[in-house]
Amino acid sequence: MNIFKQFWISLYSPKDIAKFRFQKIGKTILYVFLLVFLSSLPTIVFTSTGISNGVKSFQEALQNELPDFEIKEGTLYTDSSEVFVYQANNFSIYLDSTGTLTTEDVLNKESNAFLLLPSEFVIITSGTAQAQPYSMFENFTLSNTDILNFLDNTKGLLSIFIIVFAIIMYIFTAGIQFIEISFLALVVLLFGNITGRKIQYRHYWRLITYCLTLPIVFFMLMNFMQVQVIGGIYVKWGTALVMFYLALKEIPKPKVKNQS
């Protein structure tokens, strides 16, 4: 049975999941990478789209909308005494040298934005903020013209950057997924021993991998719809453990030898 058929069956059939405990570990590891791809796909798609739209919007804003500014000795300088806001393509750009605007102010109303604040710039993608201080440019003076020229000269590198980002995100997610499966396999090992089913850890590792299929698909869909699930980790683990319990019931207990 190929992994795509296993994927479909694992969404609804604990009985078949119980049979997968005997397959080769290499095939199960390959299946983990399939689950990792599904779980990381929304983040990769939204972040990559946000970066692409953000760079395009930033270039347009630098050319036509933003007032002149300069970053010198770790501080932003502009001729404007007000907060400037530019909005386009579901992406907003904020320019504030007055110190009246905070990252939290923007997070409350924007999912994707770029902020130029008095001492740092902030990138917000999918509701997550990452800040970098201007002190990293301590020995440089940057103006809006310098940044625009840099973006024009590196336009072809954007696709490469997005691909590298997607690979790094995938590898990071894979590491987290293997740790999660290994931990849950230890948990269900204790439960399985209590119920009298003396199967080995590697079998539990395979079982819990396939039991994670349903919650991973659920959260992938929720992430694509940008719906936040309260207590997400508990919902995910709880669903996986229910699937495991149903699969475990399909595994016969060892027969007790009659003593005479």
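Residues numbered from 1 in each chain as written. Predicted model: local features only at pLDDT ≥ 70, side-chain atom pairs only at ≥ 80, totals over all residues. Heavy atoms only, no water.

### Notes on the overall build of the protein chain
- Helix and strand content of the protein chain: nine helices and eight strands.
- Computed over the C-alpha atoms, the radius of gyration of the protein chain is 25 Å, more than 25% above the 18 Å expected from 2.2 N^0.38 for a compact globule of 260 residues.
- Its C-alpha atoms put the protein chain at 95 × 35 × 35 Å along the principal axes.
- Here the protein chain, with 260 residues, has 40% of them falling under the buried criterion.
- Long-range contacts, defined as pairs at least 24 residues apart, comprise 59% of the intrachain contacts of the protein chain with a sequence gap of at least 6.
- Separation between the mean location of the 19 positive side-chain charges and that of the 18 negative ones in the protein chain comes to 40 Å. (Helix = DSSP H or I, 4+ residues; strand = E, 2+ residues; numbered from the N terminus. Rg over C-alpha atoms; globule rule 2.2 N^0.38 Å. Buried < 20%, exposed > 50% of the residue type's maximum accessible area, 1.4 Å probe, protein only. Contact = heavy atoms within 4.5 Å. Lys, Arg positive; Asp, Glu negative; His and termini not counted. Charge placed at Lys NZ, Arg CZ, Asp CG, Glu CD.)

### What to know about the pairing of strand β2 (residues 75-78)
- Here strand β1 (residues 69-72) pairs with β2 via four bridges, running antiparallel. The residue bridging K72 from the neighbouring strand is T75, located in β2.
- Here β1 hands over to β2 after two residues, with E73 in that stretch at a positive phi of 55 degrees. (Pairing = 2+ DSSP bridges.)

### A few points about unusual backbone geometry
- Backbone geometry at E73 places phi at a positive 55 degrees, although glycine is not the residue there.
- Mapped onto the fold, E73 is located in the loop between β1 and β2.
- What makes E73 exposed here is its relative accessible area of 63%.
- The phi torsion at Q226 lies on the positive side, around 55 degrees, for a residue other than glycine.
- Relative to the assigned elements, Q226 resides in the loop between α8 (213-224) and α9 (232-248).
- When its relative accessible area of 56% is taken as the criterion, Q226 is described as exposed.

### Thoughts on the pattern of salt bridges
- This model, assessed by the stated rule, comprises one salt bridge.
- In this structure, E180 engages K236 in a salt bridge whose closest nitrogen and oxygen atoms are separated by 2.9 Å. Here K236 lies in helix α9 and E180 lies in helix α6 (residues 158-194), a separation of 56 residues in the sequence. K236 shares its class with E180; the two are buried. (Salt bridge = Lys/Arg side-chain N within 4 Å of Asp/Glu carboxyl O.)

### With respect to the environment of L34
- Counting through the fold element by element, L34 comes out in helix α3 (residues 25-64).
- Spatially, the C-alpha atoms of L34 and I3 are 8.5 Å apart, while their sequence positions differ by 31 residues.
- Apart from the residues lying within four places of it in its own chain, the contact partners of L34 are I3, F4 and F7.

### A closer look at the sheet that holds β1
- Reading across from one edge, β2-β1-β8 is the order of the three strands in this open sheet, with antiparallel pairing throughout. Edge positions in the open sheet fall to β2 and β8 (141-143), since each of these has one partner strand only. The sheet shows a mean angle of 20 degrees between the axes of neighbouring strands, direction not considered. (Axes fitted to C-alpha atoms, helices over the stretch in contact; angles between N-to-C directions.)

### Quick look at the sheet that holds strand β4 (residues 91-95)
- The five strands are arranged β3-β4-β5-β6-β7 in an open sheet whose pairing can be described as mixed. Both edges of this open sheet fall to β3 (84-88) and β7 (128-133), since each of them pairs with a single strand only. With direction set aside, neighbouring strand axes in the sheet form an average angle of 10 degrees.
- Direction of pairing for strand β6 (residues 120-125) relative to β7: antiparallel, over a ladder of six bridges. Within β7, the residue paired with I123 across the bridge is Q130.
- Contacts from α3 reach β3, β4, β5 (113-116) and β6, with the element oriented near 50 degrees to β4.

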